[in-house]
Amino acid sequence: MQDKLRRRYQIHKEVSRGCSYGGKIRVRDLTRLAEFLYSDDATIEVEFEFIRSEYDAPMVKGRLDTSLLVECQRCLKVMEKPLAIDFSLLVDAVDELVTESSLDTIYSQDGYVDIFEVAEDELILGLPLVNMHDDVACNKYWSAQEQEPEATLENPFSVLDKLKIN
Ligand SMILES: [Zn+2]
């Protein structure tokens, strides 16, 4: 049922064949995603299929499973962020269709869809803006750091000194 993973698929051929695909993508091959991570040492399991959607556009539908290494914003140590993302994307749909279906669309390049780019975009969108350990006490200094620095009032005489210099 599943063929070996390639990077690019010709959309209309795939829709008529009705095949599904699965495989692994290395994060180090996704350089835009890697910029958000602590390390690019991870793999993404991907499975997807091209289908004729109920709308007037083909669709790529699938799932991504991975665990990425990110930096905890509380303790600055590395942590694993498991992500499982289901996606359903229209291909080359016109704007009205996107609004009507409330689905996102991707655009083919000369009729080809790059599944690595699809996976990369979905993971960048799916990654939380701020990652933190579930344990709120992962950084014991955190509560001290979080306090507002004391407002420093300028000594009125130092202002006068500055005026004198000018
Ligand atoms: Zn932490």
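Residues numbered from 1 in each chain as written. Predicted model: local features only at pLDDT ≥ 70, side-chain atom pairs only at ≥ 80, totals over all residues.

Draft legend 1. Seen up close, the overall build of the protein. Within the protein one finds six helices and eight strands. Residue burial in the protein is summarised as follows: out of 166 residues, 21% are buried. For the protein, long-range pairs separated by at least 24 residues make up 57% of all intrachain contacts whose partners lie at least 6 apart in sequence. (Helix = DSSP H or I, 4+ residues; strand = E, 2+ residues; numbered from the N terminus. Buried ≥ 20, exposed ≤ 12 C-beta atoms within 10 Å, placed from the backbone. Contact = placed C-beta atoms within 7 Å.)

Draft legend 2. Expanded view of the nonpolar core. Counting 27 residues, the largest nonpolar core has Val60 and Ala119 as the members making the most contacts within it. Mapped by element, the contributors of at least two residues to this core are strand E3 (20-26), strand E4 (43-52), strand E5 (58-71), strand E6 (78-91) and helix H4 (115-126). The residues contacting Ala119, other than those within four sequence positions of it, are Ile25, Ile44, Val46 and Leu64. (Core = buried A, V, L, I, M, F, W, Y, C linked by C-beta atoms within 7 Å.)

Draft legend 3. Geometry of the pairing of E5. As paired elements, E4 and E5 share nine bridges and run antiparallel to each other. Its bridge partner lying in E5, Arg52 is registered against Pro58. Between the end of E4 and the start of E5, which pair antiparallel, lie five residues. The sheet contact formed by E5 and E6 spans 13 bridges and is antiparallel. Bridging across to E6, Asp65 finds its partner in Ala84. Hairpin connection, E5 to E6: the antiparallel pair is bridged by six residues, and Leu76 has positive phi, about 65°. (Pairing = 2+ DSSP bridges.)

Draft legend 4. View of unusual backbone geometry. The backbone of Asp92 sits at a positive phi, close to 55°, despite the residue not being glycine. With respect to the helices, strands and loops of the structure, Asp92 is situated in the loop between E6 and helix H3 (95-101). Not every positive phi belongs to a glycine, and Asp110 is a case in point at roughly 50°. Looking at Asp110, the number of C-beta atoms within 10 Å reads 6, which means it is exposed.

Draft legend 5. Representation of the pairing of E6 in the model. Across three bridges, E6 lies against strand E7 (residues 104-106) in parallel orientation. Bridged to Val91 within E7 is Ile106.

Draft legend 6. Spotlight on H4. The terminal C-alpha atoms of H4 lie 16 Å apart, and with 12 residues this matches the ideal 16 Å at 1.5 Å per residue to within 8%. Within the span of H4, buried status applies to Ile115, Val118, Ala119, Glu120, Glu122 and Leu123. (Expected span 1.5 Å × (residues − 1).)

Draft legend 7. Spatial organisation of the environment of Leu127. Structurally, Leu127 is set in the loop between H4 and helix H5 (142-146). For Leu127, a count of 16 C-beta atoms within 10 Å gives the class partly exposed. In sequence terms Leu127 and Val70 are 57 residues apart; their C-alpha atoms lie 9.7 Å from each other.

Draft legend 8. Region of the structure containing the environment of Arg17. By the secondary structure assignment, Arg17 is in helix H1 (residues 11-17). The exposure class assigned to Arg17 is partly exposed, which follows from the 13 C-beta atoms found within 10 Å. Between the alpha carbons of Arg17 and Ile51 there is a distance of 9.2 Å; along the sequence they are 34 residues apart.

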